[in-house]
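Observations on the three-dimensional arrangement
What follows is the residue order along each chain.
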Amino acid sequence: MNSNPRQGLAALLQMVLFPLAVPAWAGTVAPLGLSPAAGAPASPVGATPTVQAMPVFTVVGRSNRVFWANRSLDKARDRDLLPKTGATQYGFDRKALQALPQGRDTPLDKALLQAPGVSYDSAISDPDFHVRNEYANVQYRLDGIVLPDGVSALGPILETGFIGSMKLLDGALPAEYGLRTAGVVDITTRSRYDDGASLDLVAGSWGTFSEGLQVGGTAGRTQYFAMARSLESQQGLENAMPTPNPIHDATQQGRAFGYTSTLLTPDTRLISVAGAFAGTFQIPDVAGQVPLGDYGSPTADSASLNENETDQFYFAMLALQARSGRGGYQVSADAREASTLFLPDLVGDLEFNDVASKVSRQSGLGGLQADADRRLGFGDTLRVGLDLSVEATRVFDQATVLPLGPSGAPLPDPVTVLDAGSGLGVNAGGYVQDAWSPAPAWTLNTGLRFDALRQFVVADQWSPRAALEYRGPRGLLAHAGYARTFTPPMLAQSTPSDLALFAGTTQQSEIPQDAPVLPERADVYDAGVDGTLAKGWTAGVDAYLKESTDTLDDGQFGQAVVLDQFNWARGMSRGVELKSA
């Protein structure tokens with residue numbers, strides 16, 4: 001395992017760059033109607049091409065044809081296959097993303113803070129923002145494909161350089177959206193790439209230095225794009241002290257992303273997406289803390305502690321999208337590997353916390369997803385879909401603790417306790433929904449979703465969804481909807497602990513039993529209206545209510561900076577959002 005992401009940057013980029021070998025016939029036959037320049041001769045099919053016989057293509061024209069074909073398929077997927085009827089939406093186009101202070105180098109989580117209802121949390125949280133005050137119940141989709149969850153990493157996995165457009169969806173979501181439903185970050189990758197490469201360097205305070213490389217273009221029927229970025233900084237997380245400079249907060253990170261879209265016919269394409277993240281983080285220190293006095297030196301310096309964490313995340317996706325006159329479909333497969341390793345300061349953590357925990361989480365996941373739509377006529381469209389994921393995880397906590405004496409006081413003789421666990425989880429879901437437009441301005445979208453969970457708990461649920469939407473003049477959009485939701489716990493963050501192992505030590509729990517984490521079940525109500533008040537000025541208001549049972553939350557239990565999920569018996573969230581742009 002390469003723990004230095006800067007050294008591994010070239011390897012990450014090479015991993016996500018897909019081979020783009022142009023077949024020999026690409027220069028002599030104009031597939032998919034991508035015609036050669038006027039007057040250029042065409043070789044017979046099967047003939048061996050020569051340099052003299054190869055026609056001269058108009059490169060800009062070919063690129064534009066591929067671009068418009070991909071743009072048309074993007075719109076078809078967004079409008080017909082996976083609509084957002086009834087959901088509250090806030091969109092970012094590429095121009096808006098580039099206008100942010102860091103431009104295309106803006107981390108994705110920082111860009112989302114511009115959206116209404118999104119608030120910042122500690123950088124230790126996963127993610128470090130909340131949507132409508134919920135914990136981390138956020139789903140990411142790349143070109144309609146669900147990006148699998150991680151295992152509680154510290155750094156953002158994605159950034160904005162590859163994004164063509166992005167929407168944050170919340171409220172009463174349609175039936176095609178399951179799993180994480182507090183918010184859906186719906187990302188469409190860029191559809192136009194200029195041939196060539198670019199390199200950018202960014203420098204800032206606290207020794208921040210970032211290098212980025214982008215490569216993109218069109219080869220035959222394939223659009224491709226790849227990027228890689230390294231980051232070094234002396235403030236990787238957040239300053240834990242009220243001082244100008246943090247203590248022990250350095251980070252090294254590397255990210256890479258690769259994308260291809262190959263047109264098989266004008267209405268069919270094969271999409272491949274892959275990405276990687278690797279980061280090392282120092283956990284910030286707080287000066288002036290007093291040791292507990294149970295172990296080590298009573299004058300130990302808390303500003304010299306050396307806790308560290310290493311996170312890695314790798315994913316790959318492959319999707320086939322097609323459309324016809326009356327419908328279309330997209331079928332995809334994905335795979336993800338993720339790991340987190342927290343390394344304590346063995347002596348220092350015992351001096352200040354009476355426990356030093358080395359925590360490791362490793363997870364591998366594979367999934368399938370299929371969505372299809374069919375226009376039935378008379379303003380009626382039927383949509384169906386299935387999704388399945390299988391995840392295997394391994395978690396262990398190697399804790400060095402102090403035993404308790406007969407009086408209950410800690411003894412200065414450390415012992416090591418290993419709490420290891422593993423699990424296999426299956427999430428399966430399906431939906432059917434019908435959108436009916438009795439008049440051009442009105443759409444009624446009704447649906448039914450079924451989700452089943454098989455991991456440390458076994459559960460399932462039928463979830464009805466319904467929304468009414470009205471589109472009027474001057475950009476007026478009014479909606480009202482209801483959604484029943486089912487949110488499974490994250491497997492790596494809900495692996496049970498063997499609390500009995502820590503009995504009689506400084507890590508023993510006041511509660512002797514560890515109940516399994518249950519899925520959250522909720523009812524969501526949402527209504528809002530958006531419109532254009534004047535040229536270039538839009539505004540909107542949205543009201544929402546969510547009532548849940550077995551409400552999921554996450555928190556830090558123990559001294560290791562990793563998060564575990566747990567349940568509240570009930571939860572309620574309500575509010576009103578105002579927005580203007």
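Keep in mind it's a predicted model, so treat the numbers as computed, not measured. (Residues numbered from 1 in each chain as written. Predicted model: local features only at pLDDT ≥ 70, side-chain atom pairs only at ≥ 80, totals over all residues. Heavy atoms only, no water.)

Brief notes about the sheet that holds strand β6 (residues 163-170)
- If you walk across this open sheet you meet the five strands as β1-β6-β7-β4-β5, and the pairing is mixed. The sheet terminates laterally at β1 (88-93) and β5 (145-147), the two strands that pair on one side only. Ignoring strand direction, the axes of neighbouring strands in this sheet form an average angle of 25 degrees.
- One ladder, built from three bridges, connects strand β4 (residues 138-142) with β5; its direction is antiparallel. The residue of β5 that forms the bridge with Y140 is L147. (Pairing = 2+ DSSP bridges. Helix = DSSP H or I, 4+ residues; strand = E, 2+ residues; numbered from the N terminus. Axes fitted to C-alpha atoms, helices over the stretch in contact; angles between N-to-C directions.)

Here's the deal with the pattern of salt bridges
- Tallying each qualifying case throughout the model produces 23 salt bridges.
- Ionic pairing is found between K546 and E134, a salt bridge with its closest N-O pair at 2.8 Å. Of this pair, K546 sits in strand β22 (residues 537-555) while E134 sits in the loop between β3 (129-131) and β4, and the two are 412 residues apart along the sequence. Exposure class is identical for K546 and E134. Each is buried.
- Two residues, D387 and R449, come together in a salt bridge whose shortest N-O distance is 3.0 Å. (Salt bridge = Lys/Arg side-chain N within 4 Å of Asp/Glu carboxyl O. Buried < 20%, exposed > 50% of the residue type's maximum accessible area, 1.4 Å probe, protein only.)

A look at the pairing of β4
- Along β4, five of the five residues are buried, which leaves the element largely enclosed by surrounding structure.
- Taking every second residue as pointing to the same face, both faces of β4 are buried, with V138, Y140 and L142 on one and Q139 and R141 on the other.
- Of the pairings in the sheet, the one linking β4 to strand β7 (residues 183-189) comprises five bridges and is parallel in character. Paired with R141 across the two strands is D186, which belongs to β7.
- Counting the residues that bridge the hairpin from β4 to β5 gives two residues, and of these D143 lies at a positive phi of roughly 50 degrees.

A short note on the packing of aromatic side chains
- In total, this model carries seven aromatic pairs according to the counting rule given.
- When the centroid spacing of 4.7 Å and the interplanar angle of 45 degrees are considered together, the rings of W442 and Y470 count as tilted. Here the residue W442 occupies a position in strand β18 (residues 442-454), and Y470 occupies one in strand β19 (residues 458-471), the gap between them amounting to 28 residues. (Phe/Tyr/Trp six-rings, centres within 6.5 Å; stacked < 30°, edge-to-face > 60°.)

Brief notes about the pairing of strand β17 (residues 415-439)
- Relative to β17, strand β16 (residues 380-401) runs antiparallel, the two being bridged by 22 bridges. Note on β17: the bridge partner recorded for V390 is V426.
- Inspection of the sheet shows β17 paired to β18 by twelve bridges, in the antiparallel sense. Paired with A435 across the bridge in β18 is N445.
- What sits between β17 and β18 in their antiparallel hairpin is a turn of two residues.

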